[in-house]
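# Observations on the three-dimensional arrangement
If you want the building blocks of each chain, they are given just below.
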Amino acid sequence: MTSRVIPVAPFVLVVFGATGDLARRKLLPAMFQRDAAGQLPEAARIIAVARGRTDQAAYLVQARKAIETHVPAHERGEEVVARFMGRISYIAAEAESDKGWVELKAALAALSGCINVFYLATGPALFGPICERLGRFGLSGGNARVVVEKPVGKDGASARALNEAIGRVFPEERVYRIDHYLGKETVQNLMALRFANGLFEPLWNAAHIDHVQITVAESLGVEGRAGYYDTAGALRDMVQNHILQLLCLVAMEPPARLDADSVRDEKLKVLRALKPIADALSSHTVVRGQYRAGAAAGGPVVGYLDELGAGGSATETFVAIKAEVENWRWAGVPFYLRTGKRLAERVSDIVITFRPVPHSVFDESAGPIEPNRLVIRLQPDEGVQLWLMIKDPGPGGMRLRKVPMDMSFATAFGVRNPDAYERLVLDVVRGNQTLFMRRDEVEAAWAWIDPILDAWSQAAEPPKPYTAGTWGPSGSIALIERDGRTWMDGGA
Ligand code: BG6
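Below or above, wherever it landed, is the structure these notes cover. Computed from a predicted structure; not experimentally measured. (Residues numbered from 1 in each chain as written. Predicted model: local features only at pLDDT ≥ 70, side-chain atom pairs only at ≥ 80, totals over all residues. Heavy atoms only, no water.)

## Here we look at the environment of Glu316
- Looking at the secondary structure, you find Glu316 in the loop between helix H10 (304–308) and strand E11 (318–324).
- Overall, Glu316 belongs to the buried group, its relative accessible area being 5%.
- Separated by 12 residues in sequence, Glu316 and Tyr304 have C-alpha atoms that sit 9.5 Å apart. (Helix = DSSP H or I, 4+ residues; strand = E, 2+ residues; numbered from the N terminus. Buried < 20%, exposed > 50% of the residue type's maximum accessible area, 1.4 Å probe, protein only.)

Below you can see the structure in the form of structure tokens.
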């Protein structure tokens, strides 16, 4: 396979929240990788902005450490590291006062002719104040784009308020709401699989598909992010964005083209067709859980409340939902969604289970005929498996057995899988919004989530406990087994 590197136009990436976790773990390493690949033009610059607890020299030490920690040694030659460090400058500025903004404006003026990408790697509370200042200091003009991280809000009303605040300064076509799942290689492969192959589309509907499972399981806990996580929980942190976006890509109609609005129009229709969850307290539809001490990620681990270290909490670290898309294509096909922290393993996949054959021509001795399954593995080990029934090879009569047609992308192509942020940040520079969430999409997703949050806020019962290192509370298993189906742990 050939990988192609198409250089982008000169740009300045201004990172607000530059000393934070996201900047150090994701943004700097992603930009470094693109630099190493030769994709950054000579004029590309990064301006790191944070509240002034550091200075240029100290920031460069931090940035170098971030690269050393998050980029494997064999992928970082000293020459590229030096070139990359030379692109970074640091400015101390505040989001909620004018301190540092004149300096920022001057720094950008000195780099005129570049596309300005303002990346708000901060909490959502600062989105409004930063945008307001970008406008007031004359930095939001034609070549400027703003990137905001999830969560956009904590419910529909706060999302609308944030979108209003951003929209007062930036027109929608220059607002990039990141959902990093859309930048994952396999997620884009889902579109290739569906729309570049004639094989699946005729079968991609309720007549041929029995149900869909989407699992995003993590073995890690909240990892020092308990302060944020406890205000969010699994539903806001993962379902409102990542999981619903995956559901949209599975369920949407083929867009006429791959341009941003054609794709986003189709995703929006799916979100609007989601059947409202009438009773989120019924364990037949929604199950929420919270982990207790157990063993995960290779050793004993404490429970969520101990990790949080402060009193009680009704925040869910696991959620499973039976969702339905009410339209002609999907009527009656359940979409079982689940995600959680401290589960048995780190695995994210989408499993499409086709309907069983209408009649078996085989004797009972041949064994059961299992329905075909298409498994799209997002991580780890990205790939696609198609499970088929075959005759068990060799003598012994006709005995049936299921086997996967297995394509592991790493093995098949032997290329490094770029991190989602590498593609997404450069898509902002390219002005391509296809893999970003439009305002109406975010708000439609909240419209489906809000009633669940409302019901939980009135609930007398806390989330169901589950032992760390398992697949979540037993109610999650009951949620699907009640319908005569089973979670496909590990895809098959
Ligand atoms: C983030 C969530 O958006 O996605 C985290 O806030 C979660 O809680 C992470 O761990 C998972 O991302 P990935 O790419 O590791 O699957």
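More follows now that the structure is in view.
## Brief notes about the packing of helix H6 (residues 156–167) against helix H13 (residues 439–458)
- The contact between H6 and H13 brings their axes to 9 Å, and the two run at 165°. The orientation of H6 relative to H13 falls into the category roughly antiparallel. Read as a crossing pair, H6 and H13 show a hand that is right-handed. Mapping the contact onto sequence places Gly156, Ala159, Arg160, Asn163 and Glu164 in H6 and Arg439, Val442, Glu443, Trp446 and Asp450 in H13.
- Across the contact of H6 with H13, the residue classes tally to 3 nonpolar, 2 polar and 5 charged. (Axes fitted to C-alpha atoms, helices over the stretch in contact; angles between N-to-C directions. Parallel < 35°, antiparallel > 145°, perpendicular 65-115°, else oblique. Left-handed = near helix turned anticlockwise from the far one by under 90°. Contact = heavy atoms within 4.5 Å. Nonpolar A, V, L, I, M, F, W, Y, C, P; charged D, E, K, R; others polar.)

## Comments concerning the packing of aromatic side chains
- Going through the model one piece at a time under the given rule, you end up with 13 aromatic pairs.
- Where Phe16 meets Phe118, the ring centres are 6.5 Å apart and the plane angle is 40°; that geometry is what we call tilted. On the criterion of sequence distance, the pair formed by Phe16 in strand E1 (residues 11–16) and Phe118 in strand E4 (residues 115–120) is long-range, its members being 102 residues apart.
- On the basis of relative accessible area, Phe118 is assigned to the buried category, the value being 0%.
- Feature note: the residues Tyr229, Tyr291, Tyr304, Phe318 and Tyr466 constitute an aromatic cluster, connected by ring pairs.
- The ring of Tyr181 has Lys184 lying over it, and the distance from NZ or CZ to the ring centre is 4.6 Å.
- Looking at Lys402, its charged tip hangs above the ring of Trp387, at a distance of 5.2 Å from the centre. (Phe/Tyr/Trp six-rings, centres within 6.5 Å; stacked < 30°, edge-to-face > 60°. Lys NZ or Arg CZ within 6 Å of the ring centre and 35° of its normal.)

## A few points about the sheet that holds strand E12 (residues 334–340)
- Across the sheet, 9 strands lie side by side as E16-E15-E14-E13-E7-E12-E11-E8-E18; this open sheet has mixed pairing. Each edge of the open sheet carries a strand with a single partner, namely strand E16 (400–408) and strand E18 (464–467). Strand-to-strand twist in this sheet, taken as the mean axis angle between neighbours without regard to direction, amounts to 20°.
- Sheet topology places E11 next to E12; 7 bridges connect them, and they run antiparallel. Counterpart to Ala320 in the pairing with E12 is Arg338.
- Along the sheet, helix H14 (residues 474–481) makes contact with strand E7 (209–217), strand E8 (286–292), E11 and E12, crossing E11 at roughly 15°. (Pairing = 2+ DSSP bridges.)

## Remarks on the sheet that holds E4
- On the basis of which strands lie adjacent, the open sheet formed by 7 strands has the order E3-E2-E1-E4-E5-E6-E17 and mixed pairing. Lying at the two open borders of the sheet, with one neighbouring strand each, are strand E3 (88–92) and strand E17 (436–437).
- The pairing of E4 with strand E5 (residues 144–148) spans 5 bridges and is parallel. Its bridge partner lying in E5, Phe118 is registered against Val146.
- Across the face of the sheet, helix H1 (residues 21–36) comes into contact with E1, strand E2 (45–50), E3 and E4 while running at roughly 170° to E1.

## Regarding the pairing of strand E13 (residues 347–354)
- By the criterion of burial, E13 is predominantly enclosed, with 8 of the 8 residues buried.
- Here E13 shows two buried faces, one formed by Val347, Asp349, Val351 and Thr353 and the other by Ser348, Ile350, Ile352 and Phe354.
- When E7 meets E13, the two strands line up antiparallel, connected through 8 bridges. Each bridged residue has a counterpart across the sheet, and for Ala217 the counterpart in E13 is Val347.
- Looking at chain direction, E13 and strand E14 (residues 373–379) are connected through 6 bridges and run antiparallel. Its bridge partner lying in E14, Asp349 is registered against Arg377.

## Some remarks on the side chain of Gln39
- Turning to its location among the elements, Gln39 is positioned in the loop between H1 and E2.
- On the basis of relative accessible area, Gln39 is assigned to the buried category, the value being 4%.
- At 3.0 Å, the side chain of Gln39 forms a polar contact with the backbone oxygen of Ile6.
- The residues contacting Gln39, other than those within four sequence positions of it, are Val5, Ile6, Pro7, Val8, Arg34, Leu426 and Arg430. (Polar contact = N/O pair within 3.5 Å; in protein donor to acceptor, adjacent residues only side chain to side chain.)

## Some details on the nonpolar core
- Among the nonpolar cores identified, the biggest contains 155 residues, and Phe335 and Trp448 are the most heavily contacted of them.
- Considering each element in turn, this core owes the most residues, 14 residues, to helix H8 (residues 226–251).
- Excluding its chain neighbours within four sequence positions, the residues that come into contact with Trp448 are Val239, Leu244, Leu274, Lys275, Pro276, Ile277, Ile321, Ala323 and Leu337. (Core = buried A, V, L, I, M, F, W, Y, C linked by side-chain atoms within 4.5 Å.)

## Some details on the site of the ligand
- The ligand sits among Lys150, His180, Tyr181, Lys184, Glu218, Arg225, Asp237, Met238, His242, Lys341, Arg346 and Gln379.
- With respect to the ligand, the side chain of His242 contributes an N or O atom lying 2.7 Å from an oxygen atom.
- Look at the ligand: alone it shows 400 Å² of surface, and the protein chains cover 81% of it.
- Looking at the shell around the ligand element by element, the count peaks at 3 residues for H8. (Near = heavy atom within 4 Å. Areas by Shrake-Rupley, 256 points an atom, 1.4 Å probe, with all protein chains shown as cover.)

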